[in-house]
Amino acid sequence: MIVGQLCQRKTVTVSPKDELVAAARLMRERHVGYLVVVEEDPATEVLRPIGVLTDRDIVIAVIAKEAELKALRAGDVMNPQPVVIEESQSIEAALQQMRRAGVRRLPVIGRRGELSGVLSLDDVLDYLAGQVQNVAGAIRNERQIEGTVRS
Amino acid sequence: MQVQQLCTPRVYFCSPRTSVLGAARLMRQHHVGDLVVVDDPDGDQTPLGIITDRDIVIDVLGRDRDPAQVTVHEVMHHPVVVVDGTEDLTQALERMRVHGVRRIPVMGSGRRLHGIISLDDLLRQLALHTTALAAVIEREQSLEQRTVR
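To keep things clear, this report deals only with the structure shown in the data block. Just so it is clear, the structure is predicted and the values come from calculations on it, not from any experiment. (Residues numbered from 1 in each chain as written. Chains lettered and ligands numbered in written order. Predicted model: local features only at pLDDT ≥ 70, side-chain atom pairs only at ≥ 80, totals over all residues.)

**Observations concerning the sheet that holds strand β3 (residues 47-54) of chain A**
Two pairing modes exist for strands in a sheet, parallel and antiparallel, and in both the strands are linked by backbone hydrogen bonds.
All names here are of chain A.
At step 1: Here we have 4 strands laid out as an open sheet, ordered β1-β2-β3-β4, and mixed in their pairing. Two strands in the sheet have a free side with no partner beyond their single neighbour: β1 (13-14) and β4 (79-80).
At step 2: As paired strands, β1 and strand β2 (residues 34-40) are joined by 2 bridges and run parallel to one another. By the bridge assignment, T13 is partnered in β2 with V36.
At step 3: Across the sheet, helix α2 (residues 20-30) lies against β1, β2 and β3, angled at about 125° from β2, the strand it touches most.
At step 4: Of the strands in this sheet, β3 and β4 touch helix α3 (residues 55-64), which is tilted by about 60° from β3. (Pairing = 2+ DSSP bridges. Helix = DSSP H or I, 4+ residues; strand = E, 2+ residues; numbered from the N terminus. Contact = placed C-beta atoms within 7 Å. Axes fitted to C-alpha atoms, helices over the stretch in contact; angles between N-to-C directions.)

Written out as structure tokens, the structure is:
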């Protein structure tokens, strides 16, 4: 199972120059708590992730700089140079990255370094739960078939 | 296992009359993402509501409202889903599933809050069980290898 098969594709993005208030509005409208800050790479012309911005980051910024909230931009508050994972990498590698970085979400990039999705711990959990269900199903079916064949 | 054996004992409070900015400061101070709203932290700690950092962004900042001018009461979630400390973990998980929440305040005796239990706490417990299961299988397989020889 690779990252590309499990990650969410519909990512909500902002640019570093967007106002923080606009980012908050976007979180409200799109029902998310995590935004990826993207910038066009001059060489490849793709949108690459340069930071991540969570609802918690916004709240922390509000307390720290309350008077200048209106002047804050996404780029001022984001976590820069986020740990990312390639679509082609394994889930094990992704979990290792999450653990090393102490995060629950990783922006996913494609072969040209472009943002192509987000993988969260919840996505992996959902997949694992499905696998466990299959194991339980296999056990149940074995019992059932055993009961039918040998009765 | 009972909820009170696993839950995080530290809970942080605020009053419904606290400003959202005040609540944000408290969250920052205690390094948490939510506060339980009660009228009297020294008396009846039955939660009136819960406020999270997400609520502050979505309901206040995302609506161009000034956090210093909005009270916690206007933004908090209520009624609050709670669980008793003596209930089993499976009941806590069921409640989380039914109500779609990831954290639940845990009530102790005498209308006092015992702590908070989160989906992460339950997940870690499940992972421990899974590891124990894997250890049983591992042992069985290694014994099998030795006997066959």
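**A short note on the interface of chain A and chain B**
Interface size, as often reported, equals the accessible area lost upon joining of the parts.
At step 1: Contacts between the two partners involve 14 residues from chain A and, on the opposite side, 16 residues from chain B.
At step 2: Counting residues per element, the ones that place at least two in the side of chain A that touches chain B are α2 and α3 of chain A.
At step 3: Take the side of chain A that touches chain B: its biggest share by element is 7 residues, from α3(A).

**Looking at unusual backbone geometry**
All names here are of chain B.
At step 1: Cis geometry marks the peptide bond from H78 to P79; its omega dihedral reads -5°.
At step 2: Along the chain, P79 falls in the loop between α4 (72-75) and β4 (83-84).
At step 3: The backbone of D64 shows a phi angle near 55°, a positive value even though the residue is not glycine.
At step 4: Its place among the elements puts D64 in the loop between α3 (53-60) and α4.
At step 5: In this structure D64 comes out as exposed when scored by C-beta crowding, with 10 C-beta atoms within 10 Å. (Buried ≥ 20, exposed ≤ 12 C-beta atoms within 10 Å, placed from the backbone.)

**What about the packing of α3(A) against α3(B)?**
When two helices pack together, you describe them by how their axes are tilted relative to each other and by the distance separating the axes.
At step 1: At a minimum axis separation of 8 Å, α3(A) and α3(B) run at an interaxial angle of 80°. One finds that α3(A) runs roughly perpendicular with respect to α3(B). Counted together, A:D55, A:R56, A:I58 and A:V59 of α3(A) and B:D53, B:R54, B:I56 and B:V57 of α3(B) form the full contact between these two elements. (Parallel < 35°, antiparallel > 145°, perpendicular 65-115°, else oblique.)

**Structural notes on the sheet that holds strand β6 (residues 113-118) of chain B**
Residues and elements named next belong to chain B.
At step 1: In space, the 3 strands of this open sheet follow the order β4-β5-β6, with mixed pairing throughout. Because the sheet does not close on itself, it has two edges, and the strands there are β4 and β6.
At step 2: For β4 and strand β5 (residues 103-107), the ladder comprises 2 bridges, and the chain directions are parallel. Paired with V83 across the two strands is V106, which belongs to β5.

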